[in-house]
Amino acid sequence: DTEVTQTPKHLVMGMTNKKSLKCEQHMGHRAMYWYKQKAKKPPELMFVYSYEKLSINESVPSRFSPECPNSSLLNLHLHALQPEDSALYLCASSQARQGRSGKLFFGSGTQLSVL
Amino acid sequence: TQLLEQSPQFLSIQEGENLTVYCNSSSVFSSLQWYRQEPGEGPVLLVTVVTGGEVKKLKRLTFQFGDARKDSSLHITAAQPGDTGLYLCAAPAEYGNKLVFGAGTILRVKS
């Protein structure tokens, strides 16, 4: 199984809503990532978890809250988002190699629209 | 700060034409990866190049890593509509378990 599964595929939410994005992988990867991607732009790193511990937070606003319940699951909790947060949110995983990023396996993403 | 500069930003060509995408940096990288992303999907790894001067072929795609490991190119021969997508180069950051991405090249192949 070389898949990273993300749910939901599409999400529309109001600025006062609370929602969660979910990501799952069964490749035994110990590094998992959240990226934000605007149309026709490269992915922007948000968070990195290594061995279920948050290792990188790229100065992401607190309205985004990541969680790694176990080595296979990664969540992104959303609260009080702004319209400019509308984007494709990608989850990825990789083998953790002494702190250097190996190749990434991406999910198909959640297309988020904030109204 | 490590930067990867990709060119061109956008390419629109006819089916059957050849093209080259470039990825350049002033930094030396231990390896470099190329990804392709189709609309509505996540990026998919095409290749990783590790050795300076290395050339790898994947069907009609040829990847080259510069001798000094500061640049790379992707050449597509006889492009097909199925090659349409966003092409991204990426390399391990100097610090931290993360990748540095280039700005991407949007390729459109018309039939």
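Residues numbered from 1 in each chain as written. Chains lettered and ligands numbered in written order. Predicted model: local features only at pLDDT ≥ 70, side-chain atom pairs only at ≥ 80, totals over all residues. Heavy atoms only, no water.

Novice: Honestly, the confidence of the model for chain B in this entry has me stumped. Any pointers?
Specialist: A low pLDDT means the predicted coordinates there should not be read in detail. Per-residue pLDDT for chain B averages 94, and the proportion of residues at 70 or more is 99%. Considering each helix and strand of chain B separately, the mean pLDDT is smallest for strand S10 (residues 99–101) of chain B, with a value of 91, and largest for strand S11 (residues 105–110) of chain B, with 98. (pLDDT = per-residue confidence, 0-100. Helix = DSSP H or I, 4+ residues; strand = E, 2+ residues; numbered from the N terminus.)

Novice: When you look at the layout of surface pockets in this model, what are you seeing that I'm missing?
Specialist: Where empty space is left can be seen by rolling a probe of water-molecule size over the atoms. Taken as a whole, the largest pocket holds about 480 Å³ of empty space. As for the largest pocket, its lining consists of 25 residues, of which Ala39 and Lys40 of chain A together with Glu38, Pro39 and Gly40 of chain B are closest to the centre. Of all the secondary structure elements, the ones that give two or more residues to the lining of the largest pocket are strand S9 (87–94) of chain A together with strand S9 (85–92) and S11 of chain B. The element best represented in the lining of the largest pocket is S11 of chain B, accounting for 3 residues. The residue inventory of the lining of the largest pocket, partitioned by class, reads 8 nonpolar, 10 polar and 7 charged. If you add up the space inside the second largest pocket, you get close to 390 Å³. Contributions of two or more residues to the lining of the second largest pocket are made by strand S5 (44–50) of chain A together with S10 of chain B. Ranked by residue count, the leading element in the lining of the second largest pocket is S10 of chain B, at 3 residues. Here the lining of the second largest pocket is built from residues that sort into 12 nonpolar, 3 polar and 5 charged. (1 Å grid on protein atoms, 1.4 Å probe; cavity = no way out; pocket = protein on both sides within 12 Å on 5 of 7 lines; lining within 4 Å. Points joined across faces, edges and corners; volume = space filled by probe spheres on them. Nonpolar A, V, L, I, M, F, W, Y, C, P; charged D, E, K, R; others polar.)

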